[in-house]
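Understanding the architecture of this molecule
Each chain, letter by letter, is given below.
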Amino acid sequence: MTRTSNRTYWAAGTAVLLALLFAVAATVASASGGGGDGSRTPGRAPGLYSPDAGFARDMAVHHQQAVEMSFIVRDRTKDEPVRGLAYDIANTQANQRGMLLGWLDLWGLPKVVADEPPMSWMGTADQHGGHGTAGHGTSGHDTAGHDMAGHDMGGAAAKPGALMPGMATKEELAQLGAAEGRDAEVLYLQLMTDHHKGGVAMAQGCAQQCETPAERALAQGMVEAQQSELTLMADMLKQRGAAPRG
């Protein structure tokens, strides 16, 4: 591993630690009735299948792949604009992932739920009133996790072999790891463009459905930041004589 890669991993790890500390403060304030908008009952944690918990679990997985792709491309090109973008994405999404996992810990909820299909939380708010208690269990879950009808995913859909909208397949990750120079740059920008489009759709869902003020604000921040990066990546692809795949 190169010295640069070591610094990158150290910085990302530090970001996660700082994010966890921030998550503790933000969640305690939120769970204590913070937010000032009546959306949080004091002492009431999100339910197991709530949009708040589902988004935290799914986006943590989604973000982890963005971090992985960003580390890959930093070793496959010497192009500073692409390496700089990859560094920013890796640190930002590692930070946010730490916040999401920290909330799950503080809510006393698992990071993985075996019977919960990816994105199932997208249909839960209207059908089941959003939140339950932390001990919510499986009540009402039989249909919630399998019906995303009526929710606008912005055209994003999981491709065959991908876990969630925008995520790359194992084959695409292997292709990125084998590419070099301009080919690696273009493929990374294309994969990350797809990834951001899926992430924006997911974050918009939480911004509309989640009831925890701090998490809803984080989701809205993701939407704005990733939309800005989508514009940047389109320009970077154009400079390399390429375009987004979708």
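Scroll up a little and you will see the structure.
Residues numbered from 1 in each chain as written. Predicted model: local features only at pLDDT ≥ 70, side-chain atom pairs only at ≥ 80, totals over all residues. Heavy atoms only, no water.

Thoughts on the side chain of H195
Mapped onto the elements, H195 comes out in helix α7 (residues 181-209). A distance of 3.0 Å separates a polar side-chain atom of H195 from the backbone oxygen of H62. A polar contact of 3.5 Å, which involves the side chain of H195, links it to the side chain of Q65. The residues touching H195, leaving out its near neighbours within four places in the chain, are H62, Q65, A66, M69, G166 and M167. (Helix = DSSP H or I, 4+ residues; strand = E, 2+ residues; numbered from the N terminus. Polar contact = N/O pair within 3.5 Å; in protein donor to acceptor, adjacent residues only side chain to side chain. Contact = heavy atoms within 4.5 Å.)

Considering helix α3 (residues 80-107)
Here α3 spans 40 Å end to end across 28 residues, near enough to the 40 Å set by a 1.5 Å rise per residue. Its side-chain oxygen at 3.0 Å from the backbone nitrogen of V82, D79 defines the N-terminal cap of α3. Following α3 by one or two positions, G108 adopts a phi angle in the positive range, close to 70°. (Expected span 1.5 Å × (residues − 1).)

Some details on helix α8 (residues 213-239)
With 27 residues, α8 extends 40 Å from end C-alpha to end C-alpha; this agrees with the ideal 39 Å at 1.5 Å per step. Positive phi appears at G241, one or two residues downstream of α8, with a value of about 70°.

Here we look at the packing of aromatic side chains
Counted under the stated rule, the structure contains two aromatic pairs. Between F55 and W121, the ring centres sit 5.6 Å apart and the planes meet at 75°, which makes this aromatic pair edge-to-face. Note that F55 is positioned in helix α2 (residues 51-74) and W121 in the loop between α3 and α4 (124-128), a separation of 66 residues in sequence. With relative accessibility at 0%, the residue F55 sits in the buried group. Measuring from centroid to centroid gives 6.4 Å for W103 and W107, while their planes differ by 10°, and the two rings are stacked. (Phe/Tyr/Trp six-rings, centres within 6.5 Å; stacked < 30°, edge-to-face > 60°. Buried < 20%, exposed > 50% of the residue type's maximum accessible area, 1.4 Å probe, protein only.)

Let's talk about the side chain of H62
The topology assignment puts H62 in helix α2. The residues touching H62, leaving out its near neighbours within four places in the chain, are M164, P165, G166, M167, H195, G198, G199 and M202.

Points about the nonpolar core
Within the largest apolar cluster, 53 residues are counted, with the highest numbers of intra-cluster contacts made by F55, M69, L100 and Y188. Within the residue set of this core, elements represented by two or more residues are α2, α3, α6 (170-178), α7 and α8. (Core = buried A, V, L, I, M, F, W, Y, C linked by side-chain atoms within 4.5 Å.)

A closer look at the packing of α6 against α7
Where α6 contacts α7, the axes come no closer than 9 Å and their chain directions differ by 150°. Judged by the inter-axis angle, α6 sits roughly antiparallel to α7. Both α6 and α7 take part in a crossing whose hand is left-handed. From α6, E172, Q175 and L176 reach across to α7, where they touch A184, L187, Y188 and L191. A per-class count over the contact of α6 with α7 returns five nonpolar, one polar and one charged. (Axes fitted to C-alpha atoms, helices over the stretch in contact; angles between N-to-C directions. Parallel < 35°, antiparallel > 145°, perpendicular 65-115°, else oblique. Left-handed = near helix turned anticlockwise from the far one by under 90°. Nonpolar A, V, L, I, M, F, W, Y, C, P; charged D, E, K, R; others polar.)

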